[in-house]
Amino acid sequence: MTVSRTICLGFLTVITVGALLLMMPFSQTSGTWSNPVTALFTSTSAVCVTGLSVVDVGKYYSFWGQLFIVLLVQVGGLGYMTATTVLLLLIRKRLGLRDKVAIQQSLDIPGLSGLAMLVRSIIATTLIFELTGVFLLLTIFVPQFGFNEGLWLSIFHSVNAFNNAGFSLFSDNLIQYVHSPFMGVIITGLIIFGGIGYQVIMELYFWLRDRLSGSIKTQSFSLNFKIATSTTLFLLAIGTLAFFSTEFNNPQTLGGLDLGHKVLAGWFQSVTTRTAGFNTIDISKMTTAGLFITIALMFIGASPGSTGGGIKTTTFRVLVDCTKTVLQGKEEVISYQRQIPIVLILKAIGVLVGSALTVIGATILIALTDPELDFIQILFEVVSAFATVGLSAVGTPNISVGGQLILIATMYIGRVGVLLLMGALLGDPKPSFVHYPEENLLVG
């Protein structure tokens, strides 16, 4: 039982328990047993913080079912090993070496020192942002629905937004709030901070603390911070401009809005495609160009160490820097005056190839199970599942049971990670002391 197998089986265990709970009669508003595939799909989507659903969550599930979904989203957003570590710390059990290595791999961080403190910081950060989101959303939902229902709506949507899941208790998701700047700012703020990564948030916190306290410390940001923040800001700006331009005259999306609300809606879609899954416009009515832009942004996804999915912003940036290095005729990949290690370059290439093969394979399989769907709709659904986004251009309930099972597997692969899953299947690599001679070949 290797560390990677522990993490993968841990997610499977949580998904199975969640599916059993969501099957129970008290989890449905109808008071009857749920379809096993429906329960499994919803549980997988919640644990993988995706947000795709084959039912109307607000109408199909009772309060208990909705509560189970929130808890599954919370566990999935924190990560199985982080949630397990919290339980170990609560019972005051010391972390062993195996636990520390598992946490390191699940959070994708260097070093083993201070992991217990890091986990406590992650929990504190999560609670601060989610509680802030709840209090802000109360000002919107309580006047409209009353205190009790407004409080639950605030909790549900705040947890889903920060954990980059797209579950909503409204049948139209958040389309009814397309004209609400306050809703747009709250939800997108939670999504961005949830998808930027805990390490980035902590670095920003320490930097602000030193500046406000007048400390003379000269703290420089890490390369991870610089790449994650700059790439995120670039993608958000490009995404907003792209959605604004491609959907500007589309009467079924942005065409019927005034200029200010068009910019707001374009910004919201640019943020939510980064693995969040909320939407304030009808995704199925978008132009083909808009759908393809969404696919590209979803595939890139959020930053490492966050609640989001995709190949990650840092992977995308390393690959772009590699391409720039080749075009410039150089041999070293440089970013912010730092050389990228060859190990990270190989890892980025492995993530890209593995992710692309997963998307291609799932797309082919669903094309066989649901031949009536358009190719762009199938590709959109698969990328949304793999990148744990939650947006749908065809309506997930319209996909066959076979297609839904394929999406379940795709969501799982996207959440645990292609490389981690392959490590679990193949086992830990054995060290080799054999070095083979080099030989050139034609490439490109």
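Residue indices begin from 1 for each chain and proceed along its sequence in written order. The predicted origin of the model limits local features to residues at a pLDDT of at least 70 and limits the giving and counting of side-chain atom pairs to 80 or more, whereas totals for whole chains, interfaces and linings rest on all residues. Working from all heavy atoms in the structure, the side-chain values ignore hydrogens and water.

1. Let's talk about the overall build of the protein
Here comes step 1: A count of helical and extended segments in the protein gives 18 helices and two strands.
Here comes step 2: For the radius of gyration, the atom set is restricted to C-alpha positions; the globular benchmark scales as 2.2 Å times the number of residues to the power 0.38. The C-alpha atoms of the protein give 22 Å as radius of gyration, which agrees with the globular expectation for 444 residues (22 Å, within 12%).
Here comes step 3: Once the C-alpha set of the protein is aligned to its principal axes, its extents read approximately 65 × 55 × 55 Å.
Here comes step 4: In what follows, residue pairs with any heavy atoms lying within 4.5 Å of each other are defined as contacts. Pairs at least 24 residues apart make up 70% of the contacts formed inside the protein by residues separated by at least 6 positions.
Here comes step 5: Taken as a whole, the protein presents about 21000 Å² of accessible surface, with 68% of it coming from carbon and sulfur.
Here comes step 6: With 23 positive and 21 negative side-chain charges, the protein shows a spacing of 13 Å between the two charge centroids. Helix and strand definitions follow DSSP, with helices as H or I runs of at least four residues and strands as E runs of at least two, each counted in order from the N terminus. For accessible areas, the Shrake-Rupley method is used with a probe of radius 1.4 Å. Any residue's cover is judged against the shown protein chains and nothing else. For the charge count, each Lys or Arg is scored as positive and each Asp or Glu as negative, with His and the chain ends excluded. Note on charges: their place is set at NZ of Lys, CZ of Arg, CG of Asp or CD of Glu.

2. Structural notes on the pattern of salt bridges
Here comes step 1: Salt bridges, as used here, are contacts in which a Lys or Arg side-chain nitrogen is within 4 Å of a carboxyl oxygen on Asp or Glu. Tallied over the full model, the rule gives two salt bridges.
Here comes step 2: The salt bridge partner of D210 is R209, with a shortest N-O separation of 3.7 Å.
Here comes step 3: The buried label goes to any residue with under 20% of its type's maximum accessible area, the exposed label to any with over 50%, and the partly exposed label to all in between, with areas taken from a 1.4 Å probe on protein chains only. Owing to a relative accessible area of 5%, D210 belongs among the buried residues under this scheme.
Here comes step 4: Of the charged contacts in the structure, one is a salt bridge between D321 and R317, with a shortest N-O distance of 3.7 Å. A residue pair is termed a helical-turn pair when its members lie 3 or 4 positions apart in one helix, as D321 and R317 do in helix α14 (residues 313-327) at four residues.
Here comes step 5: Exposure remark for D321: the relative accessible area of 4% places this residue in the buried category.

3. Remarks on the packing of aromatic side chains
Here comes step 1: Only centres within 6.5 Å qualify two rings of Phe, Tyr or Trp (six-membered ring in Trp) as a pair; their planes then separate them into stacked at under 30 degrees, edge-to-face at over 60, and tilted for everything else. Scanning all chains against the criterion turns up 17 aromatic pairs.
Here comes step 2: The residue whose ring lies beneath K262 is F248, and the NZ or CZ to ring-centre distance is 3.6 Å. Only lysine NZ and arginine CZ atoms are considered, and such an atom sits over a ring when it is within 6 Å of the ring centre and within 35 degrees of the ring normal.

4. Structural notes on helix α13 (residues 288-300)
Here comes step 1: In this analysis, the expected span of each helix is defined as 1.5 Å times one less than the number of residues it contains. The end-to-end C-alpha distance of α13 is 19 Å, a good match for the 18 Å that 13 residues give at a rise of 1.5 Å each.
Here comes step 2: Along α13, the residues that are buried comprise G290, L291, T294, I295, L297, M298, F299 and I300.
Here comes step 3: Of the surrounding secondary structure, the elements contacted by the buried residues of α13 are α11 (223-246), α14, α15 (342-369) and α16 (375-386).
Here comes step 4: Note on α13: the residue one or two positions beyond its end, G301, has a positive phi of about 75°.

5. A look at unusual backbone geometry
Excluding glycine, residues mostly carry a negative phi; peptide bonds, for their part, are mostly trans.
Here comes step 1: A positive phi angle, close to 90°, is found at K312, a residue other than glycine.
Here comes step 2: Residue position: K312 is located in the loop between α13 and α14.
Here comes step 3: Despite not being glycine, T388 has its phi angle at roughly 50°, a positive value.
Here comes step 4: Relative to the helices and strands, T388 is located in the loop between α16 and α17 (401-416).
Here comes step 5: Judged by its relative accessible area of 1%, T388 is buried.

6. A look at the packing of α15 against α17
Helix packing geometry: the angle between the two helix axes and the distance between the axes.
Here comes step 1: An axis is simply a line fitted to the C-alpha atoms; with a helix, the fit covers only the stretch in contact. Between two such axes, the angle follows the N-to-C directions and lies from 0 to 180 degrees. Two elements in contact, α15 and α17, have axes separated by 9 Å at closest approach and are oriented at 170°. Here α15 lies roughly antiparallel to α17, going by the angle between them. Packed against α15, whose contacting residues are T358, A362, L365, I366 and T369, the element α17 presents G402, G403, I406, L407, T410 and I413 at the interface.
Here comes step 2: Only Asp, Glu, Lys and Arg are considered charged, only Ala, Val, Leu, Ile, Met, Phe, Trp, Tyr, Cys and Pro nonpolar, and every remaining residue, Gly among them, polar. Considering only residue class, the contact of α15 with α17 consists of six nonpolar, five polar and no charged. In what follows, roughly perpendicular refers to angles from 65 to 115 degrees, roughly parallel to angles under 35, roughly antiparallel to angles over 145, and oblique to any angle outside these ranges.

7. Considerations on the nonpolar core
Here comes step 1: Nine residue types can take part in a nonpolar core, namely buried Ala, Val, Leu, Ile, Met, Phe, Trp, Tyr and Cys, and a core is a set of them joined through side-chain atoms within 4.5 Å. Residues I69 and I187 are the most contacted members of the largest nonpolar core, which totals 103 residues.
Here comes step 2: Membership of the second largest hydrophobic core comes to seven residues, among which are C322, V333, I345 and A348.

8. Remarks on the packing of helix α1 (residues 3-23) against helix α2 (residues 36-47)
Here comes step 1: Running from N to C, α1 and α2 point in directions that differ by 130°, and their axes come no closer than 8 Å. For the element pair α1 / α2, the angle class is oblique. The handedness of the crossing between α1 and α2 is right-handed. Packed against α1, whose contacting residues are F11, V14, I15, G18, A19, L22 and M23, the element α2 presents P36, A39, L40, T42, S43, T44 and V47 at the interface.
Here comes step 2: When grouped by side-chain class, the residues that make up the contact of α1 with α2 number 10 nonpolar, four polar and no charged. In a left-handed crossing the near helix is turned counterclockwise from the far helix by less than a right angle, and in a right-handed crossing that turn is clockwise.

9. A short note on the environment of S180
Here comes step 1: Assignment of secondary structure puts S180 in the loop between α8 (147-162) and α9 (181-196).
Here comes step 2: C-alpha of S180 to C-alpha of A265: the two residues are 85 residues apart in sequence and 9.7 Å apart in space.
Here comes step 3: Polar side-chain contacts of S180 include one of 3.2 Å to the backbone nitrogen of M183. Distance and chemistry together define a polar contact, namely a pair of N or O atoms within 3.5 Å, with one atom able to donate a hydrogen and the other to accept it when in protein, and with adjacent residues in sequence counting only for side-chain atoms on both sides.

10. Brief notes about the state of the cysteines
Here comes step 1: The term disulfide is used for any two cysteine sulfur atoms that are within 2.5 Å. Applying the stated criterion across every chain yields a total of zero disulfides.
Here comes step 2: In this structure C8 is not part of a disulfide, and its nearest cysteine sulfur, from C48, lies 11 Å away.

11. Quick word on the environment of D370
Here comes step 1: Within the secondary structure layout, D370 lies in the loop between α15 and α16.
Here comes step 2: Judged by its relative accessible area of 1%, D370 falls in the buried class.
Here comes step 3: Separated by 31 residues in sequence, D370 and V401 place their C-alpha atoms 9.6 Å apart.
Here comes step 4: One polar contact links D370 to S400, side chain to side chain, over a distance of 2.8 Å.

12. Side note on α11
The α-helix winds at 3.6 residues per turn, so residues separated by three or four positions along the chain end up facing the same way.
Here comes step 1: Given a rise of 1.5 Å per residue, 24 residues ought to cover 34 Å, and the 34 Å separating the end C-alpha atoms of α11 matches this to within 8%.
Here comes step 2: For α11, every residue scored as buried is listed here: F225, I227, A228, T229, T231, T232, L235, L236, G239, T240, A242 and F243.
Here comes step 3: Taken together, the buried residues of α11 touch α9, α10 (198-212), α12 (259-272), α13, α14 and β1 (334-335).

13. Quick look at a nonpolar patch on the surface
Here comes step 1: Surface patches are defined over residues having more than 30% relative accessible area and no salt bridge, joining like charges when they lie within 9 Å and nonpolar side chains (Val, Leu, Ile, Met, Phe, Trp, Tyr) when within 5 Å. A cluster of nonpolar side chains, contributed by I342, V343, L346, I349, L352, V353, L357, I360, I364, L365 and L368, occupies part of the molecular surface with about 1100 Å² of accessible area.
Here comes step 2: Relative to the assigned elements, V343 resides in helix α15.

14. What about the side chain of S168?
Here comes step 1: Mapped onto the elements, S168 comes out in the loop between α8 and α9.
Here comes step 2: Take S168: its relative accessible area is 6%, and that puts it in the buried class.
Here comes step 3: A polar contact is formed between the side chain of S168 and the backbone oxygen of N173, at a distance of 3.5 Å.
Here comes step 4: Once residues lying within four places of it in the same chain are set aside, the contact partners of S168 are V57, G58, F156, H157, N173, L174 and F278.

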